[in-house]
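# A closer look at the structure
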Amino acid sequence: MSMLIAQISDPHVRPAGVLYQGVVDSNRMLEEAIAHLHALDRRPDLVLLTGDLVDEGRPEEYAQARRLLATLEVPLLVMPGNHDHREHFRAAFADHGYLPATGALHYCIDDHPVRIVALDVCVPGLHHGLADAEGLAWLQRTLEADRAKPTLLMLHHPPFMSGIPYMDTYRCIDTEPLEAVVRAAGNVERVLCGHVHRGMLRRWAGTVVCSAPSTTTEIALRLASDAAPASYLGRPGCLLHLWDEAHGMVSHLSHIGPMQGPYPFA
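Conventions and cut-offs
- Residues numbered from 1 in each chain as written.
- Predicted model: local features only at pLDDT ≥ 70, side-chain atom pairs only at ≥ 80, totals over all residues.
- Heavy atoms only, no water.
- Pairing = 2+ DSSP bridges.
- Helix = DSSP H or I, 4+ residues; strand = E, 2+ residues; numbered from the N terminus.
- Axes fitted to C-alpha atoms, helices over the stretch in contact; angles between N-to-C directions.
- Contact = heavy atoms within 4.5 Å.
- 1 Å grid on protein atoms, 1.4 Å probe; cavity = no way out; pocket = protein on both sides within 12 Å on 5 of 7 lines; lining within 4 Å.
- Points joined across faces, edges and corners; volume = space filled by probe spheres on them.
- Nonpolar A, V, L, I, M, F, W, Y, C, P; charged D, E, K, R; others polar.
- Parallel < 35°, antiparallel > 145°, perpendicular 65-115°, else oblique.

Our next topic: the sheet that holds strand E1 (residues 2-8). The mixed open sheet is built from five strands, whose spatial order is E3-E2-E1-E12-E13. The strands lining the two open edges of the sheet, one partner per strand, are strand E3 (76-79) and strand E13 (248-255). Sheet twist, expressed as the average angle between the axes of neighbouring strands with direction ignored, equals 20°. Where strand E12 (residues 237-244) meets E13, eight bridges bridge the pair, whose relative direction is antiparallel. Pairing of Leu242 across the sheet is with Val250, part of E13. Lying on the sheet, helix H1 (residues 26-39) is in contact with E1, strand E2 (46-50), E12 and E13; it crosses E1 at an angle near 170°.

Okay, structure coming up:
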């Protein structure tokens, strides 16, 4: 038994005709990401969108996002990021029955060979993340309900220091209790994040954290302690997480956009 799970993140959808940061056509780039997923030689069984669906949390942005996502031919699970507005997000996806009607947008989907758990660590009105006591209690109950089935945990904010100072200000903070809950579970195959607009990997809580690139801009890799914030119009991408019952999970970076080739060598 196997399953292919695609992860896209941080599309920062704007109202029709408006550029992200006045520079980037993020709406077109989300369309291209969807086309990329459809063109893969193996179509994903599920798509996860790990936050910052829109840029300013405005209803008209969510309306545009729904129009773009309506073309996706693969089942979709969504979660908010720090640029999303929780109640506008909930209203926009009122037809997604897995999203709770009130409170934080935590959920668990257990309909696939891999269980999908989303923990909403967004703090309304702020840009950093935090797993509060209520969220931690929910996560602990959810993970304890099945300690055998392979599980993916989604957070918007990575729960570690990246070394990029202007991003680490807005990381998921005070993560020791969260780490203890995840480590105790023992069957979390991956922790999947967005937020940093870069692919990153880190061993954490007895598992591996993967952050996905954005479908729009790439945050500059600047590691000096006094580095100024910057982004590039780099190569957009997504992550593909391939689960196989016999061999476990492998995660691939998949670049979006044209490439030269293919050539007959490997």
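The discussion continues.
By the definition in use, this model includes one cavity of 30 Å³ or more. In this model, the largest cavity occupies a volume close to 40 Å³. What lines the largest cavity is simply Pro158, Phe160, Ser162, Met167, Asp168, Arg171, His195 and Val196. Each residue belonging to the lining of the largest cavity can be placed in one class, and the counts come to four nonpolar, two polar and two charged.

Moving on: the packing of helix H4 (residues 133-144) against helix H6 (residues 176-185). It is the contact of H4 with H6, at a shortest axis distance of 10 Å, that shows an interaxial angle of 5°. When the axes of H4 and H6 are compared, the pair comes out roughly parallel. On H6, the residues that touch Leu136, Leu139, Gln140 and Leu143 of H4 are Pro177, Leu178, Val181, Val182 and Ala185. Taken together, the residues that form the contact of H4 with H6 break down as eight nonpolar, one polar and no charged.

Structural measurements only, silent on function.
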